[in-house]
Amino acid sequence: MKDNNENEVIAARVNYRLVFKRIWEYRRIYYYSLPIAFILASLFIICIPREYHAETKVAPEMGNNMANGTLGSIASSFGFDLSEMQTSDAITPLLYPDLMDDNGFVVSLLKIRIKTEDYDTDYYTYIKKHQKKAFWNNIRDFVMSLFPAKKAPEKKGFDPYNLSKVDNDIVQKVRGDIKVSVDKKTGVISILTGAQDATIAKILADSTRERYQQFITTYRTNKARIDMDYYKELMDNAKKEYEDVCYQYSKYSDSNMNLQLEEYKTKLTNLENEMQIKYNTYTTIVTQYQASKAKVQERTPAFTIIQGASVPIKPDKPKRMFFVAAMVLLTFMGTSVYVLRDIIL
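Parameters at a glance
- Residues numbered from 1 in each chain as written.
- Predicted model: local features only at pLDDT ≥ 70, side-chain atom pairs only at ≥ 80, totals over all residues.
- Heavy atoms only, no water.
- Pairing = 2+ DSSP bridges.
- Helix = DSSP H or I, 4+ residues; strand = E, 2+ residues; numbered from the N terminus.
- Axes fitted to C-alpha atoms, helices over the stretch in contact; angles between N-to-C directions.
- Contact = heavy atoms within 4.5 Å.
- Buried < 20%, exposed > 50% of the residue type's maximum accessible area, 1.4 Å probe, protein only.
- Salt bridge = Lys/Arg side-chain N within 4 Å of Asp/Glu carboxyl O.
- Expected span 1.5 Å × (residues − 1).
- Arc of directions from axis to C-beta.
- Patch = residues over 30% accessible without salt bridge, like charges linked within 9 Å, V, L, I, M, F, W, Y side chains within 5 Å.
- Areas by Shrake-Rupley, 256 points an atom, 1.4 Å probe, with all protein chains shown as cover.
- Parallel < 35°, antiparallel > 145°, perpendicular 65-115°, else oblique.
- Left-handed = near helix turned anticlockwise from the far one by under 90°.
- Nonpolar A, V, L, I, M, F, W, Y, C, P; charged D, E, K, R; others polar.
- Polar contact = N/O pair within 3.5 Å; in protein donor to acceptor, adjacent residues only side chain to side chain.

Draft legend 1. Looking closely at the sheet that holds strand β1 (residues 52–60). In spatial order, the strands read β4-β5-β1-β6; together these four strands make up an open sheet with antiparallel pairing. Each end of this open sheet is capped by a strand with a single partner; those strands are β4 (178–182) and β6 (303–307). On average, each strand axis in the sheet is tilted by 25° relative to the strand beside it, whichever way the strands run. As judged from the four bridges shared by β1 and β6, these two strands associate in the antiparallel manner. Bridge pairing links Pro60 to Phe303 in β6. In the packing of helix α9 (residues 165–177) onto the sheet, contacts are made with β4 and β5 (189–195), and the angle to β4 comes to roughly 50°.

Below you can see the structure in the form of structure tokens.
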């Protein structure tokens, strides 16, 4: 048994000697292949535009005391969020990232104003006209322009749910450049944006966060705002009716000031009673309207910015040094397989 192990060790040493000897004999191949791989990989990766990333994090108010108490802390330690189970909202924080699947919401992001030293336009125009491309993409676009597709009929307006191919490609690019995620335990919304300009990456992060805050606020206060608008309409009508009755009372009282007829007194009393009823109705509705306004404020969530977006200093991709090193390593491995093919096989 011991002799067999010693033979295996000796065979392994012999194999390694053969491998290194073969590589040394064919070293000239490496002298050519590795520099060529380095140069080609460098030229390739330099042609790909660099992209900067900016990230911001915001925590929306949940408005649930139980979830924030001791029981909520215990449940959170086990990976459960009581606020998600107790909320009456149809759209929970876990569904906020799914907003990026809706064309209507993504199209609203295309209106973001891009204002830097080099650009002063909207996000849609920036993507459509100011994106750097690798040279092979420019060649592809030129070739495709020689064979134009059948022009689609022009549409009035911009329907986010009936997009042209060009606009649909832009919407898909926005989905790729803006990533939204939610922490299941804390409910913190993370927004990661990418752009070819560092300042624009920050602008996109801040603007997307603001759009999310607007959406969440609108959704949370929607029912309360409908009630408020309803009571506002009732209040305006009640006020007008009260003012009309006051005008009738004043006009009738002034025109019959010196009369002592019972008919006059009865009608004047009826007008007074009606005026009082209208006034009581008006004041009641005003109270309800004020309560509905307070309800809107109560339902309006507060947002805490956990991490503000900052202008990135270094680009995040592509990783040029890593790519070049990986290509050189792959070339070395491929060349070695070719050189050692008879030994390996």
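Draft legend 2. Spatial organisation of the environment of Tyr247. Tracing the backbone through its elements, the reader meets Tyr247 in helix α10 (residues 198–255). By relative accessible area, Tyr247 is classed as exposed at 55%. Distance in space between the C-alpha atoms of Tyr247 and Met275 is 9.7 Å, their sequence separation being 28 residues.

Draft legend 3. A look at the pattern of salt bridges. Applying the stated criterion across every chain yields a total of twelve salt bridges. A salt bridge links Asp177 to Lys173, with the shortest nitrogen-to-oxygen separation between them at 3.1 Å. One end of the pair, Asp177, and the other, Lys173, are both in helix α9, four residues apart, so they sit about a helical turn from each other. A relative accessible area of 30% places Lys173 in the partly exposed class. Lys202 is paired through a salt bridge with Asp206; the nearest N and O atoms lie 2.6 Å apart. Residue Lys202 and its partner Asp206 are located together in helix α10, separated by four residues, close to a single helical turn. Owing to a relative accessible area of 25%, Lys202 belongs among the partly exposed residues under this scheme. Each of Lys202, Asp206 and Arg209 takes part in one network of salt bridges that share partners.

Draft legend 4. Spatial organisation of helix α12 (residues 320–339). Counted at 1.5 Å a residue, the expected span for α12 with its 20 residues is 28 Å, and the 28 Å between its end C-alpha atoms agrees. The set of residues buried in α12 consists of Val324, Thr335, Ser336 and Val339. All buried residues of α12 lie within an arc of 110° about the axis, which places them on one face of the element. Exposed positions of α12 whose direction lies more than 90 degrees from the buried face are Phe322 and Leu330.

Draft legend 5. Spatial organisation of unusual backbone geometry. For the bond running from Lys317 to Pro318, omega is -5°, close enough to zero to count as cis. Topologically, Pro318 is positioned in the loop between β6 and α12.

Draft legend 6. Quick peek at a nonpolar patch on the surface. A contiguous nonpolar patch, built from Trp24, Tyr31, Tyr32, Ile36, Phe38, Ile39, Leu40 and Leu43 and spanning about 950 Å² of accessible area, is present on the exposed surface. The biggest single contributor to the nonpolar patch is helix α2 (residues 27–47), with seven residues. Position of Leu40 among the secondary structure elements: in helix α2. A residue is classified by how much of its surface remains accessible, and Leu40, at 54% relative accessible area, is exposed.

Draft legend 7. Geometry of α2. Between its first and last C-alpha, α2 extends 31 Å over 21 residues, near the 30 Å set by a 1.5 Å rise per residue. Listed in full, the buried residues belonging to α2 are Tyr30, Ser33, Ala37, Ala41, Ser42 and Ile45. Buried residues of α2, seen end-on, are gathered within an arc of 155° and therefore sit on one face of the element. In this structure, α2 carries Arg28, Tyr31, Tyr32, Leu40, Leu43 and Ile46 as exposed residues pointing more than 90 degrees from its buried face.

Draft legend 8. Representation of the packing of α2 against α12 within the structure. Running from amino to carboxyl end, α2 crosses α12 at an angle of 150°, the nearest separation of the two axes being 9 Å. Relative to α12, the element α2 lies roughly antiparallel. Here α2 runs over α12; the crossing is right-handed. Where α2 abuts α12, its residues Ile29, Tyr30, Ser33, Leu34, Ala37, Phe38, Ala41, Ser42, Phe44, Ile45 and Ile46 lie against Arg320, Phe323, Val324, Met327, Val328, Thr331, Phe332, Thr335, Ser336, Tyr338 and Val339. Partitioned by chemical class, the residues of the contact of α2 with α12 number 16 nonpolar, five polar and one charged.

Draft legend 9. Spatial organisation of the side chain of Asp167. Assignment of secondary structure puts Asp167 in helix α9. In terms of polar contacts, Asp167 uses its side chain to reach the side chain of Ser164, at 3.3 Å. Residues within four places of Asp167 in sequence aside, it is in contact with Tyr124 and Phe158.

None of the figures reported here should be taken as evidence of function without further support.
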